[in-house]
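Secondary and tertiary structure notes
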Amino acid sequence: PVFDAPDDVDSKGHIVFQPFAGNAAYRSLPPELIEKTVQTLRTLPFPVFLMTRSYVRSCGGGKTIHAAEDARRFEGGNVTVLDSLTVPATLNLVKNCHAYVGSWSSLQQAAWFEQKPVAVFYPQNYHDVVQRTDYAFGMDRENTLGREFPQVEASELADFLQRW
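Keep in mind the model is a prediction, meaning the values are calculated, not measured.

Conventions adopted
Residues numbered from 1 in each chain as written. Predicted model: local features only at pLDDT ≥ 70, side-chain atom pairs only at ≥ 80, totals over all residues. Heavy atoms only, no water. Helix = DSSP H or I, 4+ residues; strand = E, 2+ residues; numbered from the N terminus. Buried < 20%, exposed > 50% of the residue type's maximum accessible area, 1.4 Å probe, protein only. Contact = heavy atoms within 4.5 Å. Areas by Shrake-Rupley, 256 points an atom, 1.4 Å probe, with all protein chains shown as cover. Pairing = 2+ DSSP bridges.

**Points about the overall build of the chain**
Within the chain one finds 5 helices and 8 strands. Ordered by position from the N terminus, the helices and strands of the chain form the series β-α-β-β-β-β-α-β-α-β-α-β-α. Per-residue burial for the chain yields a buried fraction of 49% across its 164 residues. For the chain, the share of sequence-separated contacts (at least 6 apart) that also reach a separation of at least 24 residues comes to 67%. With an accessible surface of roughly 8,200 Å², the chain has 51% of that area assigned to carbon and sulfur atoms.

**Some remarks on the pairing of strand β1 (residues 15–18)**
Side chains Ile15 and Phe17 project from β1 onto one buried face, and the interleaved Val16 and Gln18 project onto a second face that is buried too. In this structure, β1 lies alongside strand β2 (residues 48–52), joined through 3 bridges in parallel fashion. Bridging across to β2, Ile15 finds its partner in Val48. With 4 bridges connecting them, β1 and strand β6 (residues 99–103) associate as parallel partners. What sits directly across from Ile15, in β6, is Ala99.

**Examining the environment of Asp159**
Structurally, the position occupied by Asp159 is in helix α5 (residues 154–163). Considering only alpha carbons, one finds Asp159 and Leu44, 115 residues apart in sequence, at a separation of 9.8 Å.

Structure follows, in structure tokens:
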């Protein structure tokens, strides 16, 4: 489906890059991996939309369940930082993308539902991957590159994204 969104981004053939997993937990890409991935994406002939949601949200007991995600320093060249895009506009952006790159989150699942190439990075021994839970339904697809954080190689990512 195409969702009616007041803030749609008019683009096709771009890469959606979501380095953050929506919380302060361990699923967000480490800063050095974000930097390395942005450097790789800058070498490719695709516009890149880097997705963030910069607000802090806490639950009972004061635990932070969503942290500020500041990626403004990466803005420029083929990289556009989109902060706080609505859910419908985000889903439309995924639907129209060339590929998804980023952290283990609901967006990589949306990209799998849309049959998009997915390069997803996650912590070592991440349970959804190791146990192949229902959340990992696209991991074994030919158009999925799944890597633990320390295994991510810039050249492999670039080759993967250009192959599709």
